[in-house]
2 protein chains.
Amino acid sequence: MTKPLPTGSTIGILGGGQLGRMLSVAASRLGFKTCIFEPGGDCPASHVANYHLQASYDDRDALAKFGEAVDVITYEFENIPASALDQLEALCEVRPNRRALTVSQDRLTEKAFLQDIGLKVAPFMGVSSLDDMHKAVAQIGAPSILKTRTLGYDGKGQARLRSPDDAADAFAAMKGAEAVLEGFVDFSCEISVIGARAADGQVACFDPGENVHRDGILHTTTVPASVSAALRTDAVLIAGRVLNALDYVGVLGVELFVTPSGLIVNEIAPRVHNSGHWTQNGCLIDQFEQHIRAVAGWPLGDGGRHADVVMENLIGADMDRIGDLSADPNVGLHLYGKADAKAGRKMGHINRISPKG
Amino acid sequence: MTKPLPTGSTIGILGGGQLGRMLSVAASRLGFKTCIFEPGGDCPASHVANYHLQASYDDRDALAKFGEAVDVITYEFENIPASALDQLEALCEVRPNRRALTVSQDRLTEKAFLQDIGLKVAPFMGVSSLDDMHKAVAQIGAPSILKTRTLGYDGKGQARLRSPDDAADAFAAMKGAEAVLEGFVDFSCEISVIGARAADGQVACFDPGENVHRDGILHTTTVPASVSAALRTDAVLIAGRVLNALDYVGVLGVELFVTPSGLIVNEIAPRVHNSGHWTQNGCLIDQFEQHIRAVAGWPLGDGGRHADVVMENLIGADMDRIGDLSADPNVGLHLYGKADAKAGRKMGHINRISPKG
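Now for a description of the structure that goes with this document.

Conventions used here
Residues numbered from 1 in each chain as written. Chains lettered and ligands numbered in written order. Predicted model: local features only at pLDDT ≥ 70, side-chain atom pairs only at ≥ 80, totals over all residues. Heavy atoms only, no water. Helix = DSSP H or I, 4+ residues; strand = E, 2+ residues; numbered from the N terminus. Rg over C-alpha atoms; globule rule 2.2 N^0.38 Å. Buried < 20%, exposed > 50% of the residue type's maximum accessible area, 1.4 Å probe, protein only. Contact = heavy atoms within 4.5 Å. Phe/Tyr/Trp six-rings, centres within 6.5 Å; stacked < 30°, edge-to-face > 60°. Disulfide = S-S within 2.5 Å. Pairing = 2+ DSSP bridges. Axes fitted to C-alpha atoms, helices over the stretch in contact; angles between N-to-C directions. Buried area = accessible area lost by both parts, 1.4 Å probe. Salt bridge = Lys/Arg side-chain N within 4 Å of Asp/Glu carboxyl O. Polar contact = N/O pair within 3.5 Å; in protein donor to acceptor, adjacent residues only side chain to side chain. Nonpolar A, V, L, I, M, F, W, Y, C, P; charged D, E, K, R; others polar.

**Some words on the overall build of chain A**
Logical step 1: Looking only at helices and strands, chain A has 11 helices and 17 strands in total.
Logical step 2: For a compact globule of 357 residues, the expected C-alpha radius of gyration is about 21 Å, and chain A comes in at 20 Å, within 12% of that figure.
Logical step 3: Seen along its three principal axes, the alpha-carbon backbone of chain A occupies a region of about 60 × 50 × 40 Å.
Logical step 4: Put simply, chain A has 357 residues, and 60% of those count as buried.
Logical step 5: Contacts in chain A between residues far apart in sequence, at least 24 positions, make up 61% of those at least 6 positions apart.

**Here we look at the packing of aromatic side chains**
Residues and elements named next belong to chain A.
Logical step 1: If you walk through the whole model with that rule in mind, you get 12 aromatic pairs over all chains.
Logical step 2: Geometrically, the ring pair formed by Y57 and F77 is tilted, given 5.8 Å between the ring centres and 55 degrees between the ring planes. Of this pair, Y57 sits in the loop between β3 (51-53) and α2 (60-69) while F77 is found in the loop between β4 (72-75) and α3 (82-89), placing the two residues 20 residues apart along the sequence.
Logical step 3: Residue class for Y57 comes out buried when judged on its relative accessible area of 14%.
Logical step 4: By relative accessible area, which is 24% here, F77 ends up partly exposed.

**Observations concerning the state of the cysteines**
Residues and elements named next belong to chain A.
Logical step 1: By the definition in use, this model includes 0 disulfides over all chains.
Logical step 2: Its sulfur unpaired, C43 is 11 Å from the next cysteine sulfur, which belongs to C35.
Logical step 3: C43 sits in the buried class, given a relative accessible area of 4%.

**Let's talk about the sheet that holds strand β8 (residues 179-183) of chain A**
All names here are of chain A.
Logical step 1: Read across the open sheet, the 4 strands follow the order β5-β8-β6-β7; overall the sheet is antiparallel. Both edges of this open sheet fall to β5 (124-127) and β7 (158-161), since each of them pairs with a single strand only. The sheet shows a mean angle of 20 degrees between the axes of neighbouring strands, direction not considered.
Logical step 2: For β5 and β8, the ladder comprises 4 bridges, and the chain directions are antiparallel. Bridging across to β8, G126 finds its partner in V180.
Logical step 3: Set on the sheet, helix α5 (residues 107-116) makes contact with β5, β6 (144-148), β7 and β8; between it and β5 the angle comes to about 150 degrees.
Logical step 4: Lying over the sheet, helix α6 (residues 130-140) contacts β5, β6, β7 and β8, oriented at roughly 170 degrees with respect to β5.

**Some words on the interface of chain A and chain B**
Logical step 1: Counting residues at the interface gives 34 residues for chain A and 35 residues for chain B.
Logical step 2: Of the roughly 2900 Å² buried between chain A and chain B, counting both surfaces, carbon and sulfur atoms make up 58%.
Logical step 3: Run the count over chain A and chain B and you get 2 salt bridges.
Logical step 4: Among the salt bridges present, the one from D42 of chain A reaches K33 of chain B, with a minimum N-O distance of 2.8 Å.
Logical step 5: For the pair chain A and chain B, the number of links is 10 residue pairs in polar contact (both at pLDDT 80 or more).
Logical step 6: When residues of the side of chain A that touches chain B are traced back to their parent elements, those giving at least two are α1 (18-29), α11 (322-326) and β16 (331-335) of chain A.
Logical step 7: Among the elements that take part in the side of chain A that touches chain B, β16 of chain A stands out by supplying 5 residues, more than any other.
Logical step 8: When the residues that make up the side of chain A that touches chain B are grouped by side-chain class, the tally is 16 nonpolar, 12 polar and 6 charged.

Take a look at the structure:
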């Protein structure tokens, strides 16, 4: 795929959650159709897509049908089974590329990659056995945090070590999964950069946002982040380095810890990112359209921002606040069309805007 | 329907063109599903809707199914057959109401209504026969313009009279349709106001835009309009008067001529309006979400504007400019997903933004 995808083409999206939903809306703005591949029925993305192919990721017939029906494939989550990717890549271009997925699917591979390209990460060591665990704790110490190498998100698959004595319990909490022990980072705040890279190598980043978490889930992202202009520039340069090193095409989220000795990369996500939702009401081209533009081989927006924004996630019972929020003239609402407002479930988000400071 | 429609409800939209498409996207932001009733296949709105009920407006079974499946009904065009409305109104609330449709479906009724509520309109007279035509020309004179009472849009169903001698030719051009002769208005420019009224009577208007037409089709809308602050206020007050007089719920477009003796109402449209597309990139809540909010019984956005905008329609071969336009950092693209870029066909629009002056 070397030419820009013509309008009217169909973009295949693996995953039918809220990210797929907002990607589908962005694709429609550029005249594209979308086909969502998602095992679940009545999924958020299916409400605004042309097609919803409801099948599991090991359904080879469905994957073949999907790969043949679409003009390019992208995804809203990084844990796509390798077997599904093998089959799809033979049929159709997948963007971002396989390397980005391989790197970000595994915390150990990701940390090694980031270190290899000269970025700072927290001290880390792979843990496959209780013996490894004791060696890792001896080297990294405590406080520290043990995380499964794969599949964890929003605080799941993690165990904190307050002292070296917690080593055995933390290891047991992994239930036999391969893990990585990460040293404690003394950070003043977490920021993230949403960067994008086009098929021709053009790179554009949005302003870094400052993230606050609650119960392991992103609570708010505030733009601009309360860090120096120099640090903001550093953050953007780090995102650019990651994008180039991966020969990346699409939008990528980079989470960074702000520490007395500079920025430390927490993790990267090869997709549109919750901490980039503020762009929907702060920018002419939001992260979702930016991703679709990249994936379709179109030019990127420049990442410019016209407002200050505080993005806040609406989790579970926050849906009871919709009446008040909808009456606030400075609030942009974004709801995901999920039926049940379960505790801990991301139901939507708001962007509270104010004039650019 | 007195309470706000809960998220997860389904909004029925009559008509599946670009306005239905953008209404459907706006509905998704608020967590609503949409069902599009549209006779044509592969229509723009169906690409981003939950359901597309493809049937004709005289298919009573399909209308019954539609009326029972949705929680409220709205529309993207004013020429809905009365028989279909009769059936639907018995099943489900239709917003905006019947009166707004009755008034705006017929140019003669519309002009009489506007005059009755104290607004200025061009001189007009109904024309049902050649005899009427001669009487109308004797009273109104020329230059003037003869228009069919119903169904005309984008310059269709119209004949210009340069002199009274053109009367018979103009009448013949109506092909027997009931018509109205409108006197020439010497205007310096055309502006339009997109107003909205909520179910509880709350009114909010967007800033007036200045319209330029080409070949009878809207070419650009520029915000702010180059008229005095006093005239802008007059325009908003006129929209408010129309909204209240119709006990209107939803978004309404009001086209106004700017003349030496003040504003003259050209026409009203009981729906989202092409001249309000600039709100997509100029406002936190655009006209499409504003309409959905009103129809769903939600509070309205306040109509605030954060940028200056020039909206330009992309007609037919303008689609050849997409490559250049997509690379312009100040341009927001909105394409409709129509397959054939026929001459005169609205294929999309752009919003060119600049800092608020």
